[in-house]
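# Structure at a glance
Now for the letters of each chain:
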Amino acid sequence: MDAPLFPGRATAALVGTLVGAAAGILLVSAAGALAVEVDGVFALLAIGLPALCGAVVGAFVIRGHSRSNPR
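Residues numbered from 1 in each chain as written. Predicted model: local features only at pLDDT ≥ 70, side-chain atom pairs only at ≥ 80, totals over all residues. Heavy atoms only, no water.

### A few points about the overall build of the protein
Within the protein one finds two helices and zero strands. A fraction of 69% describes how many contacts in the protein between residues 6 or more apart in sequence connect residues 24 or more apart. Summed over its atoms, the accessible surface of the protein is roughly 5700 Å², and 72% of this surface lies on carbon and sulfur atoms. (Helix = DSSP H or I, 4+ residues; strand = E, 2+ residues; numbered from the N terminus. Contact = heavy atoms within 4.5 Å. Areas by Shrake-Rupley, 256 points an atom, 1.4 Å probe, with all protein chains shown as cover.)

Here it is in structure tokens:
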């Protein structure tokens, strides 16, 4: 029997969100180092957008699950 897919997808989406948020934080930090001031809207978009993309990618890309049948 196969394990249920939802917990794996939820975990992968959470990990993708965390990785995306970390990338966004690095982007905001780099922009803050180069500019005098970072706008709040820019910071929200720079952290939120990679986090959302990471969640979507994490939800659809799960390691160990493929449609091919090796038999």
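So much for the structure itself; the text now carries on.
### Some remarks on the environment of alanine 13
Within the element layout of this structure, alanine 13 appears in helix α1 (residues 5-34). A C-alpha to C-alpha distance of 4.2 Å links alanine 13 and alanine 55, two positions 42 residues apart in sequence. Those residues in contact with alanine 13 that sit more than four places away from it in its chain are Gly54, Ala55, Gly58 and Ala59.

### Some thoughts on helix α2 (residues 40-60)
Because each turn of an α-helix spans 3.6 residues, side chains separated by three or four positions in sequence point in the same direction. If you check α2, its first and last C-alpha atoms are 30 Å apart, about what 21 residues at 1.5 Å a residue would give, namely 30 Å. Along α2, the residues that are buried comprise Ala43, Ala46, Ala51, Gly54, Ala55, Gly58 and Ala59. (Expected span 1.5 Å × (residues − 1). Buried < 20%, exposed > 50% of the residue type's maximum accessible area, 1.4 Å probe, protein only.)

### Concerning a nonpolar patch on the surface
Among the surface-exposed residues, Leu49, Leu52, Val56, Val57, Phe60 and Val61 lie close enough to one another that they form a single nonpolar patch of about 620 Å² accessible area. Within the element layout of this structure, phenylalanine 60 appears in helix α2. (Patch = residues over 30% accessible without salt bridge, like charges linked within 9 Å, V, L, I, M, F, W, Y side chains within 5 Å. Salt bridge = Lys/Arg side-chain N within 4 Å of Asp/Glu carboxyl O.)

### As for the environment of leucine 18
On the secondary structure map, leucine 18 appears in helix α1. For the pair leucine 18 and alanine 51, spaced 33 residues apart in the sequence, the C-alpha separation amounts to 6.6 Å.

### Quick word on the environment of alanine 46
Here alanine 46 lies in helix α2. Separated by 22 residues in the primary sequence, alanine 46 and glycine 24 place their C-alpha atoms 5.1 Å from one another. In contact with alanine 46, not counting residues within four places along its chain, are Gly24, Leu27 and Val28.

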